[in-house]
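# Results of the structural survey
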Amino acid sequence: MDTFFSKGNTAMSAVFVLIGILSSTGVQFTGAQSVGVCYGLNGNNLPTKQAVVDLYKSKGIGKMRMYDPDEGVLQALRGSNIEVILGVSDKNKLQDLTNARAATDWVNKYVKAYSPNVKIKYIAVGNEVHPGDAAAGSVLPAIKNIQKSISSANLQGQIKVSTAIDTTLLGKSYPPKEGVFSDSASQYIKPIISFLASNGAPLLANVYPYFSYVNNRQSIGLDYALFTKKGANEVGYQNLFDALLDSVYAALEKVGAPNVKVVVSESGWPSEGGTAATVDNAGTYYKNLINHAKGGTPKRPNGPIETYLFAMFDENLKQGPEIERHFGLFRPDKSPKYQLSFN
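A brief look at the structure comes next. (Residues numbered from 1 in each chain as written. Predicted model: local features only at pLDDT ≥ 70, side-chain atom pairs only at ≥ 80, totals over all residues. Heavy atoms only, no water.)

### Focus on the pattern of salt bridges
Under the convention used in this document: Definition used for salt bridges: Asp or Glu carboxyl oxygen within 4 Å of a side-chain nitrogen of Lys or Arg. Secondary structure elements follow DSSP: runs of H or I no shorter than four residues count as helices, runs of E no shorter than two count as strands, and numbering proceeds from the N terminus. Buried, partly exposed and exposed residues are distinguished by accessible area as a fraction of the type maximum, computed with a 1.4 Å probe on protein chains only: under 20%, between the cut-offs, and over 50%, respectively.
Tallied over the full model, the rule gives 16 salt bridges. Of the charged contacts, one joins Lys 63 and Glu 83 as a salt bridge, the two residues approaching to 2.4 Å between their closest N and O atoms. Taken together, the residues span a long stretch of sequence, with Lys 63 in strand S2 (residues 63-66) and Glu 83 in strand S3 (residues 83-88) at a distance of 20 residues. In terms of burial, Lys 63 and Glu 83 fall into one category: buried. Beyond isolated ion pairs, a larger network of salt bridges with shared partners links Lys 63, Glu 83, Lys 121, Lys 261 and Glu 306.

### A word on the layout of surface pockets
In this approach, a probe sized like a water molecule rolls over the atoms, and the result shows the empty space that is left. Quick reminder of the rule: A 1.4 Å probe that fits but cannot get out identifies a cavity on a 1 Å grid over protein atoms alone, an open set with protein on both sides within 12 Å along at least five of seven lines counts as a pocket, and a residue lines either if it has an atom within 4 Å of a point. Grid points are joined across faces, edges and corners, and a volume is the space filled by probe spheres set on the points. By the convention adopted, Pro, Cys, Tyr, Trp, Phe, Met, Ile, Leu, Val and Ala count as nonpolar, Lys, Arg, Asp and Glu as charged, and the other residues, Gly among them, as polar.
When its volume is computed, the second largest pocket comes out at roughly 320 Å³. Lining the second largest pocket are 16 residues, with Tyr 174, Asn 216, Ile 220, Tyr 224 and Leu 240 sitting closest to its centre. For the lining of the second largest pocket, the elements supplying multiple residues, two or more each, are helix H9 (222-225) and helix H10 (240-254). A per-element tally of the lining of the second largest pocket places H10 first, with three residues. Classifying every residue of the lining of the second largest pocket gives seven nonpolar, seven polar and two charged.

### Remarks on the packing of helix H6 (residues 136-152) against helix H7 (residues 183-198)
Counted only if it meets this: Note on geometry: axes are C-alpha line fits, over the in-contact stretch for helices, and angles between N-to-C directions span 0 to 180 degrees. The cut-offs work like this: below 35 degrees is roughly parallel, past 145 is roughly antiparallel, 65 to 115 is roughly perpendicular, and the gaps in between are oblique. Whether two residues touch is decided by their heavy atoms; if any such pair falls within 4.5 Å, the residues are in contact.
Packing of H6 against H7 leaves a shortest axis separation of 9 Å and a crossing angle of 10 degrees. By the angle class used here, H6 and H7 are roughly parallel. Between H6 and H7, the residues in contact are Ala 136, Val 139, Leu 140, Ile 143, Lys 144 and Gln 147 and Tyr 188, Pro 191, Ile 192 and Phe 195, respectively. Partitioned by chemical class, the residues of the contact of H6 with H7 number eight nonpolar, one polar and one charged.

### Some words on the nonpolar core
Using the following cut-off: Throughout, nonpolar core names a set of buried Ala, Val, Leu, Ile, Met, Phe, Trp, Tyr and Cys residues whose side chains join them through atoms within 4.5 Å.
By size, the foremost hydrophobic cluster in this structure holds 113 residues, and its most contacted members are Leu 77, Trp 106, Val 111 and Ile 146. The element best represented in this core is H10, accounting for nine residues. Residues in contact with Val 111, not counting those within four places in the same chain, are Leu 86, Trp 106, Ile 120, Ile 123, Ile 150, Leu 155 and Ile 159.

### Thoughts on the environment of Pro 176
As for its position among the elements, Pro 176 is in the loop between strand S6 (170-172) and strand S7 (180-181). Separated by 159 residues in sequence, Pro 176 and Ser 335 have C-alpha atoms that sit 38 Å apart. Ignoring any residue separated from it by four or fewer positions in sequence, one finds Pro 176 in contact with Val 235, Tyr 237, Ala 243, Asp 246, Ser 247 and Ala 250.

### Digging into the packing of aromatic side chains
Rules: Between 30 and 60 degrees the pair is tilted, below 30 it is stacked and above 60 it is edge-to-face, where a pair is any two Phe, Tyr or Trp rings, Trp via its six-membered ring, whose centres lie within 6.5 Å.
Overall, the coordinates contain 16 aromatic pairs when judged by the stated rule. Look at Tyr 208 and Phe 310: their rings are 6.4 Å apart centre to centre, the planes differ by 75 degrees, and that puts the pair in the edge-to-face class. Linking Tyr 208 in the loop between strand S8 (203-206) and helix H8 (209-214) with Phe 310 in the segment after strand S10 (307-309), this pair joins segments that are 102 residues apart in sequence. A residue is classified by how much of its surface remains accessible, and Tyr 208, at 0% relative accessible area, is buried. For Phe 310, a relative accessible area of 2% gives the class buried.

### Points about the pairing of S8
Definition in use: Two strands qualify as a pair provided that DSSP identifies no fewer than 2 bridges between them.
Of the two faces of S8, the one holding Leu 203 and Ala 205 and the one holding Leu 204 and Asn 206 are both buried throughout. Pairing between strand S5 (residues 160-166) and S8: three bridges, direction parallel. Note that in S8 the partner of Asp 166 across the bridge is Asn 206.

### Remarks on the pairing of strand S1 (residues 35-39)
The line we're drawing: Seen with its strands pointing away from the viewer, a crossover is right-handed if its path from the first strand over the helix to the second goes clockwise.
In terms of burial, S1 is largely enclosed, as five of its five residues are buried. Neither face of S1 is left uncovered, since the one carrying Val 35, Val 37 and Tyr 39 and the one carrying Gly 36 and Cys 38 both have all their residues buried. Bridge analysis of S1 against S10 gives three bridges, and the strand direction is parallel. Each residue of the ladder has a partner; that of Gly 36, found in S10, is Tyr 308. Pairing between S1 and S2: three bridges, direction parallel. Following the sheet pairing, Val 37 is matched in S2 by Met 64. A crossover links S1 with its parallel partner S2, the connecting element being helix H2 (residues 49-59), and its sense is right-handed.

Pasting the structure below:
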């Protein structure tokens, strides 16, 4: 994540949920397998890669997002049955992948070599690349080259190639039905979306009610951001997550891509380091998001919403404001902040 906006038994299940709500460490909840967790490596005190994969398995977390290929993680994932978003977030690497041979070599090394027993589901070519970035012109050519290499390896039915955007590409996001890409973003994103549509690939979007809330507190209530608001607002929305996600769907419709699915490739809430960044708020957000992701949004009611929580660990080497280092669901010693259960 880059900081932007500165960017079986119902009764028994209910008992477990109640125990979790009363838990002093936060929350206990169950979630559908529509929810995964992002695994970042920006820390000097994190567990071994095998220990991390073992933690995903022991907690029943069935999906992982990786930001760049790491052979240690890929080796640990062999036979795990964990679905993976494999990323290319290094902007220098994006430039390299505009070369078809380099893209083929990348796919052979990181995808084909592991695909028999690592369940790579998506490849995210670029993370939060903005229209004015030097890397912007590399994203679509790199996507096309990776797609061609995936098809040559006969993996196109298994793996979809996309990119991850943030919601700053929207020129308008409220009311959600009026969501539209900004003029500056349209030239960049429209050809990418057209390519995704023609290949049946989703658009990955990093969706952060937290940042929208802290930058617009005069208009947005904390309850609306945390899924705790009672009743819908004047435009029929009960939470900010749905409003942001549906504004992306509205923008897709306006560029002629109503059938492109959005995968929420990041969403999270920090536990310290900034406004409204507390363990209680973060625990509430994650609990409610996991539960909410089982369903849909007003614009796309047929769920679930495939969502990746940001992030697995607090990462002490993350650049940027202090909050960037406090998005972990787990501490580096693998102890949970919120007693999460994904079963």
